Every structure is written in structure tokens, then in C-alpha cells.
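Each chain, letter by letter, is given below.
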Amino acid sequence: MSSVAVARPSNESAWVLPSRGRVGMFTLIAAESAVFTIFVVAYIYYIGKSLSGPTPKDLLELPIFSTVCLLSSSLTIHLAVRALRQGRVGVFGFWWFLTMALGAIFLVATGREWHHLIYEKGLTISTNLFGTTYYSLVGLHAFHVTVGLLAIALAMIFTLLGKVKPEHSERLDVFSLYWHFVDVVWVIVFTVVYVIGR
Amino acid sequence: MASDTIALGIADPDARPIGERLHDWVVTVDHKKLGILYILYSLLMLVIGGVEATIMRIQLIVPHNHFVSPQVFNRMFTMHGTTMIFFVAMPILFGFGTYLIPLMIGTRDMAFPRLNAFSFWMTAFGGLLLYFSFIGGNGLYGAGNAPDVGWFAYAPLTSRAFSPGHSTDFWTLAILVSGIGSIGTAVNFITTILCMRCPGMTLGKMPLLAWLNLVTGGLVILAVSPLTAAQIMLSIDRFLGGHFFDTQAGGAAVLWMHFFWIFGHPEVYVLIIPCFAFASEIIPVFSRKPIFGYPVMVGASVAIGFISMSVWAHHMFTVGMSSYGNAFFTATTMVIAVPTGIKIFNWIGTMWGGKIQFRAPMLFCIGFLFQFLIAGLTGIMLGASPFNWQLGNSYFVVAHFHYVIVGGILFTVFGAFYYWFPKMSGRMYSEALAKWHFWLFLIGFHLTFDFMHIPGMLGMPRRIYTYEPGRGWEIWNLIVTIGVFFQIAGVLVFVVNLLWSLLKGEPAGNDPWDAWTLEWSTTSPPPDYNYATIPVVESRRPLWDLKHPEDPDWKYE
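Here the residue index of a chain counts from 1 through its sequence in written order. Starting at A for chains and at 1 for ligands, labels are handed out in the order in which the entities are written. Per-residue local features of the predicted model are confined to residues with pLDDT of at least 70, and side-chain atom pairs are confined, for both listing and counting, to 80 or more; whole-chain, interface and lining totals are unaffected and use all residues.

### Focus: the overall build of chain B
The way it works is that DSSP assigns letters per residue, a run of H or I at least four long becomes a helix, a run of E at least two long becomes a strand, and they are numbered from the N terminus. A tally of regular secondary structure across chain B gives 15 helices and zero strands. We take the radius of gyration over the C-alpha atoms and set the globule estimate at 2.2 Å times the residue count to the 0.38 power. The C-alpha radius of gyration of chain B comes to 24 Å, within 12% of the 24 Å expected for a compact globule of 557 residues. On the principal axes, the C-alpha backbone points of chain B span a range of 70 × 50 × 40 Å. A residue pair is marked as a contact if its C-beta atoms, positioned from the backbone, fall within 7 Å. For chain B, long-range pairs separated by at least 24 residues make up 81% of all intrachain contacts whose partners lie at least 6 apart in sequence.

Next up, the structure:
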């Protein structure tokens, strides 16, 4: 079967469909949003329902510095992809490395916070409902940051090997959607856990 | 029909050793092979789930029966439900979707072929995990094998205290793993349908099967993800000592119900919408008329998709919600009947005045129309919360949802099987055997599920392993179990037909039904690349245009 060759004045406009990468990534983000929604709902539902201490008010401090780092990494990844699209691979490498560093700082900060909570305050995932919901929600987000960081590190290695070319900007652009999503989720987690829930 | 194929370097693919050919199936990323793998896997699971159902029905055939122990009965209904929903219905529909979508939208594969293979194998390993519980579920506790918490696994029954051993762990991991596969499939469906259509196929010219699978994909994204999240929480509770659903630490059992049914009700539409798609492809071809009301059909499907996200708590009327909750979920449940009714009218409108050919696929679709209507009517009854307080958790509910799943979904799946079998295998099935299958299964279905409503109204609760004589339930349970054997006979005829036709069936040719969608323009079975040159379409029925150049569809659309 070649084509349905029926003589009909075809419209001249080219046949353009949406980019596979973007549609696929947006669909994945929709699925991830649903997962996070359930965890956020559970967190909100269980605020103040723990039968024993400690409470969020006793333990949590606003993670301002790491939040600033993570949110600014959205800007740096945008600048990185834009530089690559313009063909400036060196500039891309600089911004990309900065993105990786900012993401890593965020993860380290989360790790330190958890270490503090577990070893100094004695809050674990099985202590009470607050512990269960807190570690699950923040941990789920940290897991997504980790996955993103692994991908960023992989692209960083390729950059250092000189394999990243301007034609890859489309793919990295699609990846940056994921990174922005992780940032947006952090805004919600921050609001729910550290502002509303405290 | 023009059907040029490209001569590849391989002489005869069947000449290669069997090990190599099997290896091809394991490593394949081809949507057709993966589609067939999905379907074969589901058929195997259908037999296993059917055996479990049969064991339950034999146990209930007379009061005080001792065919199986109460413990085994609990495992059977849990495994039957979990298997049929997650490892039969979903994968068989994904299988048809995976096979048909790229062919029907005129492209060579899915958008992400490797993700496609990943999704299938995740689903397959999910099923393996579930059934491994028969061996590994004991754990160190001697606590019995196989999950026995029911297919919706209400908390706190799933906590360590009440479900020791590993059987519930296998259950939650199986659902988690297969859920990730389902989400991958949904991402693939949506991306393929939006980004891979052949030139000329605007959204308004897509076959309805593609449209409906697009809606299904969206529902899977929004429904299966919450279930995955809930399974993560249950795993945290069971493995890490969390308290999400631990009522002794302030956790809420009702929260699990909400999370489960936020998945559970859209899931019904995840299953039925692809079946609407089969009916929307089969009924026009065997009525020799284009589908009646295509835009309304699309609109109704999208409406069902949206409304189905807001009806979940009608599964929970008996829990005791506020009167506002009851009123809201009763109202939304009534509302969803409207677009569904529109679709039934559209199929009847398609048949009206058509030259109906009563071939096997059409017979199954007509059966579907009547049975799905009745299933919808009992659904409206149960959707009214006061009625539900009477009959919730009774056999009336069991009869209702089996009417949807067997009478609606399984019937159209059988119809789709006969309709596309010539395309997938290149051979025709035996029409005589197919009619035997239809009538045996129809009689068995009605014996079982029509009469199952009655003990429910007489007060027989679901999930009981036996019952007292003298409550008026005996005769109905006997009839229900007798129906099962007719269904088994029907399925046996189906399997014989399948095997016989694969080996001895007449060659089908490209287009045995004189159909109109693109998949019938290529060879049967289609070559690896589907189309030597990508087709260009001008209307919803490209093959009609090709066969009738003097009167093409695009003049009227």
C-alpha cells in the first residue's frame, strides 16, 4: 500500500506534528504530578494527627539556602540549553556544571537535615505519622532530584568528552522540562511541609 | 489493493532455528510482536484466573461444601480479582492497542519502541511476582501462601499484624511493578497518537480506536499513578514500619479506600473505553455504514474520561460518608450515564438501516450492546446511595461488575479477537466454531451472571466461603455454577479455534472484511515496517476512498 492516491487539491501547508520528546515528557510529568498529589494529600490529611511527638514545629527549620540553590538551578539549566542551541558549547558546559553543583548542594542539604533529624532528634520514618509522611514526601522528591542529577552528570561526562553538539539541544531541552518540574514540586513540598504544616 | 512489500535480504524467516526465532520474540521492540506477546500473556492469565473463579463457584455450588478451605477461598477471590484486572484485562487491551494504533494511524512503530518493550516486560514480571507468592509467600512465619486480602486490599488488613508473611508484599509489589509498566504504555499511546499520525490524518480524521485509546492513555496516567503512589505508601508501611494506614498510630483506613478507588473507578473506564473502540470499529464494518455521529462519539468519550475522575467514592457509600459526599457522588454517577447512553444510541444508529452481517465479531458486539446496557442500569441502581446501603457488598454488586467486565469487556475483546485475527495471523478463523463459542459463552454468561443478582437481593454477601441452607440461595448458586461450565466450554472452543486456525485456517488476504481503516491495506500479517511508503489520508475511511474513487468520503466530511 503506497498511498491513497485520490486526486484532491491537497492543502499546501507542511505536515507538522508535535515533538515526540516534549509530548512524552509532558505525559510523564502528568503521571508524576498525580503521584505527588497523592503524597501531598496524605501529608496534608495527616497534619496534626500524630498520636505522639515530635511535631513539625519542634523540629523543622526553613531550608532557605538549599531552596534558593534548587530554584536557581532552573535558571542555569535554561541558560545552558539556550547556549547550546546557539552553538556555544563552552558556555553550555559552564551553566550545565553549575546546574549540577546547585542540585548536588540541595541533595547534600537534604541529607544533612535528615542526619540531624534522625541522629540528633530521633525522628525516623516509623516514629509517628509526621515522620512517615515527612520522609516519604521529601524523600520522593529527593529521589526525583537524584534521578535528575544522574542524568545531568551523564550529560556532563559527555560534555567533558566533547560529544555534546548543538544538535543535542532539543533532547536536553526535553530533559530540562523534567528538571523544572522537580523544582515546581519543591515549591509545593516547601509550602506544604515547611509553611502550612509547621 | 496495492500492497507492495520490500524484499529483504532474509530468504525465509521460518527457515531459521527455533531458538533464534524465540530469541527474536524476547528482544523485540516491534509493536506487532509486543502486541501479540501482551495478548498471549493475557490469554494465559485468563485461563489461570478462570480456574480460580471455577474453584470458587464449585465451593459455592451447595451449602456447607468442603471443596476448599476458607483460607484457600480467600486466596482464590483475591488472586482471581487481581489477575483478571491487572494481568488479563489491562494487558489484553494494551496488547490490541499496541498492535493496532501504529497500523491504524499509518506509521511504522510506536513513538518509543524500547519503552514499549520495557512496559510489556514490567507487566509480565508483575504477574510473575504475584504468582511467585504461591511459592514464596510463606516467609518465615508459616503464614500461608498467596495474598488473601481481597483485590482492593483494605487497610488495616494489609498491615503486618494481620497479614504476616510475604504474600501481601508480593501483591503490593506486583501491582507497583505492573503499574509502572502501564504508565509507560500510556505515555507511549498518547505520544504515538499525537505525534506519529500519517500525513492528512488530523485529529478529526483519526479512527475512533485511536481517539478512544488516547482517552484511555490519559485515564491511565491520572488513575494508575495514584495507585502506584498508594502502593509505595503500603510498601513503606510494611517494609519500613510507616504508619500511613496504621489505625493504631492515627493512620486512616478510609484514606486507603479513597486512594484505591481514585484508581479503581477510572480503571473501569480504562478497561471499557478500548472496548468501546473495538465496537466502534467493528459495528460500522459489519453494518456496511460509516459510524453514526463521529464527533459526538469523540466528545462523549472525552466527557466520560473527565467525569470518571469524579465518581470514585460511589464504591464507598456503605463506609458512612457525609450526606454531601453521598449526594455528590450519586449525582456524578448519574451524570456519567449520559455520555455512555449517547454512545449506545450512536452504535444503534450505525446499525439502523445498515446491511448487517452477523459474523462472529458482530455477534459479540451485539451481545455487548445489550449486556452493557443492563450492566449500566444496575450501575445506576447501585449508584443511588440509599439503594447501595441495602445491596453494597452483596452478590448483586458482584453480578453488576461482572456484567460490565464479562458482558461488556470480555465480549468485545472476543469480538476484536475474531475481527483482527486474520490481520495478525494471516489466516481466517473457523466461523462455525466461532459461532459455537459465541452461543455457548452467551448461554453460560447469562446463566451465571443474570441469576447471580438474585441471591444478592436475598442478602447473600460477597466473599463468603459457604452459606447456611434454607435461605433461598441454594437454587440460584447452583444455576450460577452450572453457567460456569458453559463458559468453560465456550472458551475451550475458542482455544481450539485459535490453534486450528493458526495451523490450518484459510489464507485471509489483506482485507477479508472489506473494511475501511488503514491496517487492512497492508499484508496479513503486516511486514515489520508496516507500510513500504507512509500512506496519506484524506478522510476517516481512507480505504473507502481508495475503493470508491468516484464517491470518496472527503467530499462529505
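### Quick notes on the overall build of chain A
Assigned secondary structure in chain A consists of six helices and zero strands. The linear arrangement of helices and strands in chain A, starting from the amino end, is α-α-α-α-α-α. Each principal axis of the C-alpha atoms in chain A carries an extent, and together these give about 75 × 45 × 25 Å. Exposure criterion: with C-beta atoms placed from backbone coordinates, a residue whose C-beta has 20 or more other C-beta atoms within 10 Å is buried, one with 12 or fewer is exposed, and one in between is partly exposed. Residues counted as buried form 36% of the 198 residues belonging to chain A. The long-range fraction of contacts in chain A, counting pairs at least 24 apart against all pairs at least 6 apart in sequence, stands at 84%.

### Some thoughts on the interface of chain A and chain B
Listed as interface residues are 32 residues of chain A and, on the opposing side, 48 residues of chain B. At 13 residues, the largest contribution of residues to the side of chain A that touches chain B is made by helix 1 (residues 20-45) of chain A. Under this grouping Gly is polar, as are all residues other than the nonpolar Ala, Val, Leu, Ile, Met, Phe, Trp, Tyr, Cys and Pro and the charged Asp, Glu, Lys and Arg. Taken together, the residues of the side of chain A that touches chain B sort by class into 19 nonpolar, 10 polar and three charged.

### Notes on unusual backbone geometry
It is generally the case that most residues other than glycine have a negative phi and that most peptide bonds are trans. Each neighbour pair has its own omega, and for G53 of chain A with P54 of chain A the value is -5°, a cis peptide bond. With respect to the element layout, P54 of chain A can be found in the loop between helix 1 and helix 2 (56-59). One non-glycine residue, A153 of chain B, lies in positive phi territory at about 45°. The topology assignment puts A153 of chain B in the loop between helix 4 (113-136) and helix 5 (167-195).

### Comments concerning the packing of helix 4 of chain B against helix 5 of chain B
All names here are of chain B. Where helix 4 meets helix 5, the closest approach of the two axes is 8 Å, and the angle between their N-to-C directions is 165°. Looking at the two axes, helix 4 sits roughly antiparallel to helix 5. Here helix 4 and helix 5 pass one another in a crossing that is left-handed. Among the residues forming the contact of helix 4 with helix 5, the class breakdown is 15 nonpolar, 13 polar and no charged. To obtain each axis, a line is fitted to C-alpha atoms, and for helices this fit is confined to the stretch in contact; angles are then taken between N-to-C directions over 0 to 180 degrees. For classification purposes, an angle smaller than 35 degrees is called roughly parallel, one larger than 145 roughly antiparallel, one from 65 to 115 roughly perpendicular, and anything else oblique. It is the rotation of the near helix from the far one that decides the hand of a crossing: anticlockwise by less than a right angle makes it left-handed, clockwise makes it right-handed.

### Topic: the packing of helix 1 of chain A against helix 6 (residues 208-240) of chain B
Orientation of helix 1 of chain A relative to helix 6 of chain B, taken along the N-to-C sense of each, is 45°, at an axis distance of 8 Å. Here helix 1 of chain A is positioned oblique relative to helix 6 of chain B, judged by the angle of their axes. Seen along the crossing, helix 1 of chain A lies across helix 6 of chain B with a hand that is right-handed. Contacts from T27, A30, A31, A34, V35, I38, F39 and A42 of chain A in helix 1 of chain A reach I221, L222, S225, P226, T228, A229, A230 and M233 of chain B in helix 6 of chain B. Along the lines of polarity and charge, the residues of the contact of helix 1 of chain A with helix 6 of chain B split into 13 nonpolar, three polar and no charged.

### Side note on the confidence of the model for chain B
When pLDDT is low, close inspection of the predicted coordinates is not appropriate. As a per-residue measure, pLDDT reflects the predictor's confidence and takes values from 0 up to 100. Looking at chain B as a whole, its pLDDT mean stands at 93, while 96% of the residues score no less than 70. Two numbers describe this predicted complex: its pTM, 0.93, and its ipTM, 0.93.

### Here we look at the environment of M334 of chain B
All names here are of chain B. Note that M334 resides in helix 9 (residues 323-351). Taking the C-alpha atoms as reference points, M334 and V311, 23 residues apart in sequence, are found 9.4 Å from one another. If near-sequence neighbours (up to four positions away) are discounted, M334 is found in contact with I380 and G383.

### Considering the environment of C69 of chain A
Mapped onto the elements, C69 of chain A comes out in helix 3 (residues 64-85). Separated by 35 residues in the primary sequence, C69 of chain A and A104 of chain A have C-alpha atoms spaced 9.2 Å apart.

### Description of the environment of P422 of chain B
Residue and element names in this part refer to chain B. With respect to the helices and strands, P422 occurs in helix 12 (residues 395-425). Counting along the chain gives 123 residues from P422 to G299, while the straight-line C-alpha distance between them is 31 Å. When near neighbours in sequence (up to four residues on either side) are disregarded, P422 contacts R427, M428, A508, P512 and S524.

### Some points on the confidence of the model for chain A
Of all residues in chain A, 93% have pLDDT values of 70 or greater, and the mean over the chain is 92. Within the model, the stretch residues 1-7 of chain A combines pLDDT values under 50 with 25 contacts to residues more than four positions away or in other chains.

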